[in-house]
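The lines below spell out each chain.
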Amino acid sequence: MFDILEYDRRNIWHPYASLKNPPPVRFASSASGLEITLADGRRLIDAVSSWWCVAHGHNHPAITEAIRAQASRMCHVMFGGFTHSPAAELAQKLAAICPAGLDKVFFADSGSIAVEVAVKMATQYQHAKGRAKRTKMLSLKGGYHGDTACAMALSDPDGMHVLFAGMMPRHFFVSKPGVLPFDAWLAELDRMFAEHGDEIAGVICEPMFQAANAMNFYDGEYLRALRKVCDEHDAVLVFDEIASGLYRTGTRWAAQQANVVPDVMTVGKALTGGHITLAATVASSRVAETISCGSPSAFMHGPTYMANPLACAAGCASLDLFASSDYASNVARIERYLRASLEPLRALENVTDVRVKGAVGVLEMRRLPDCADIERVIDRHNVWLRPFANYIYTMPPLVTDDAALGRIVEAMADLAACPPGPEAADGDFHE
Ligand SMILES: *Cc1c(COP(=O)(O)O)cnc(C)c1O
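Trainee: Mind showing me how you'd approach the sheet that holds strand 16 (residues 391-394) here?
Mentor: Each strand in a sheet pairs with another by means of backbone hydrogen bonds, the pair being arranged parallel or else antiparallel. Taken together, the 3 strands give an open sheet; going across it, the order is 13-14-16, and neighbouring strands pair in antiparallel fashion. Two strands lie at the open edges of the sheet, namely strand 13 (351-357) and strand 16, each paired on one side alone. With strand direction ignored, the average angle separating the axes of adjacent strands in the sheet is 10°. With 4 bridges joining them, strand 14 (residues 360-365) and strand 16 adopt antiparallel strand pairing. Across the sheet, Glu364 pairs through a bridge with Tyr391, a residue of strand 16. Across the sheet, helix 11 (residues 327-342) touches strand 13, strand 14 and strand 16, and the angle it forms with strand 13 is around 165°. Sheet strands in contact with helix 13 (residues 402-416) are strand 13, strand 14 and strand 16, and its direction is about 175° off that of strand 16.

Here it is in structure tokens:
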């Protein structure tokens, strides 16, 4: 008989994994609501929303039905020369919930591509204004914007992509928020623009929450400072809301908490409720008009599967779900629960910090337990956790009830109480 796990182990790359000494993988056979069912019948609570995208729970009937209905009509058609109702409806629904003024939508096939598109928009904006030398971005240390070349180059320069430094375009960075006093950070930002303003096309950051590289929450004053400096230098401000947006950090968009509107915003992950890959780059009319009045007038990007109808139909159903109930107060409940139950874990010897915001709960560790302990805890509690770097965290589906939160926290506490593992754990260091 075909041994799937054995074949997989030898021949299929998993994210950030070796083929020589592959980390264990579990055999998923179905998923529903909060749970992933394994081939042996066990069910695991998905405490990380399958990398933060399964907002409404797995296989939500409204979303799977939308995909099914669309599949019966048209699975795909090229977006060059055609349009269709799932794309138009999704663009309209998305623009309606974006900050005021952001209403020009570019559909991308993944978050990383949406970031690449945003950076090309910033560059093309400057080009259209006759400033062809402004091709660099300014980014924050500690950030993460994706795994493709341009997105890597904007992520933490000392982070997981350091091996590729030689092939990446070089951008400008300012310190990670929270490392320096705010005034010193601000001076660094101003100095960067004073010295390199004529090369900087735009600024990109993950608003309020640096996720995959740092699990770092920071204050809205940083975003207000970025808005101000972009206004002064006519640089394009890009907020990457792929992780922080759609209520993950408590509000529909994280930047709302700072009262700052960017010029371009990227949305992904929860856009389809984690049912199928889709992302979007949404630009202000001002940015779109400037690009369109330049030469070339066309915006120069167009992936094969752009605005795939199945993905757009899933996106429409997902945004309808977001509109149909009060996600903000539900996430506030999750935040209260996580804060009350994770905060006491500060007392554990191996825990160095506890951070909670919205539906994100993070235990920063001196070092993670070793791999075998992590596996044991997952199996003991039937809770799927995916620790990385020195973080044990949960970003559960936004519909997680208190009973499931209780099981997640118990598993996290059990894991945090394990002895620290070896210094540089080989294997998973991504997300
Ligand atoms: C996950 C993520 C991306 C990349 O999205 P992919 O769909 O994995 O390409 C970009 N930016 C942020 C902030 C993310 O969290």
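Trainee: What is the right way to read the environment of Gly101 from this model?
Mentor: If you trace the backbone, Gly101 turns up in the loop between helix 4 (85-97) and strand 4 (102-108). When its relative accessible area of 45% is taken as the criterion, Gly101 is described as partly exposed. A C-alpha to C-alpha distance of 16 Å links Gly101 and Glu241, two positions 140 residues apart in sequence. Once residues within four sequence positions are removed from consideration, Gly101 is found in contact with Ala283, Ser284 and Ser285.

Trainee: For this particular structure, what's the right way to read the pattern of salt bridges?
Mentor: When charged atoms on two side chains of opposite charge get close, those side chains can pair. Taken as a whole and assessed by the stated rule, the structure comprises 25 salt bridges. The residue Arg227 makes a salt bridge to Asp263 at a minimum N-O spacing of 3.0 Å. One end of the pair, Arg227, is in helix 8 (residues 220-233); the other, Asp263, is in the loop between strand 10 (236-240) and strand 11 (264-267), with 36 residues separating them in the sequence. Both residues of the pair, Arg227 and Asp263, belong to the buried class. A salt bridge links Asp234 to Arg286, with the shortest nitrogen-to-oxygen separation between them at 3.7 Å. Placement of the pair is Asp234 in the loop between helix 8 and strand 10 and Arg286 in helix 9 (residues 285-292), with a sequence separation of 52 residues. Note on Arg286: relative accessible area 39%, which makes it partly exposed. Overlapping salt bridges, with partners in common, bring together Lys129, Arg131, Arg227, Asp231, Asp234, Asp263 and Arg286 in one network.

Trainee: Please clarify how a nonpolar patch on the surface should be interpreted in this entry.
Mentor: Taken together, Phe2, Ile4, Leu5, Tyr7, Ile12, Val25 and Phe27 make up a surface patch of nonpolar side chains, about 600 Å² in accessible area. Structurally, the position occupied by Val25 is in the loop between helix 1 (4-11) and strand 1 (28-32).

Trainee: What should I look at first to understand helix 10 (residues 309-324) in this one?
Mentor: Residues that lie three or four places apart on an α-helix share one face, since the helix turns once every 3.6 residues. Taking 1.5 Å of rise per residue, 16 residues should cover 22 Å, and helix 10 covers 22 Å from first to last C-alpha, within 8% of that figure. In terms of burial, helix 10 is largely enclosed, as 13 of its 16 residues are buried. Capping of helix 10 at its N-terminal end is provided by Asn308; its side-chain oxygen lies 3.1 Å from the backbone amide nitrogen of Leu310.

Trainee: I'm lost on the site of the ligand in this one. Help?
Mentor: Taken together, 13 residues sit near the ligand, with Gly111, Ser112, His145, Asp240 and Lys269 positioned nearest. Look at the ligand: alone it shows 380 Å² of surface, and the protein chains cover 85% of it.

Trainee: Even after reading the chapter, I still don't get the side chain of Asn350, so can you show me in this structure?
Mentor: Here Asn350 is to be found in the loop between helix 11 and strand 13. Exposure remark for Asn350: the relative accessible area of 6% places this residue in the buried category. For Asn350, the residues in contact, after removing those within four places along its chain, are Glu364, Met365, Arg366, Arg367, Ala416, Cys418, Pro419 and Pro420.

Cut-offs used in this document
- Residues numbered from 1 in each chain as written.
- Predicted model: local features only at pLDDT ≥ 70, side-chain atom pairs only at ≥ 80, totals over all residues.
- Heavy atoms only, no water.
- Pairing = 2+ DSSP bridges.
- Helix = DSSP H or I, 4+ residues; strand = E, 2+ residues; numbered from the N terminus.
- Axes fitted to C-alpha atoms, helices over the stretch in contact; angles between N-to-C directions.
- Contact = heavy atoms within 4.5 Å.
- Buried < 20%, exposed > 50% of the residue type's maximum accessible area, 1.4 Å probe, protein only.
- Salt bridge = Lys/Arg side-chain N within 4 Å of Asp/Glu carboxyl O.
- Patch = residues over 30% accessible without salt bridge, like charges linked within 9 Å, V, L, I, M, F, W, Y side chains within 5 Å.
- Areas by Shrake-Rupley, 256 points an atom, 1.4 Å probe, with all protein chains shown as cover.
- Expected span 1.5 Å × (residues − 1).
- Polar contact = N/O pair within 3.5 Å; in protein donor to acceptor, adjacent residues only side chain to side chain.
- Near = heavy atom within 4 Å.

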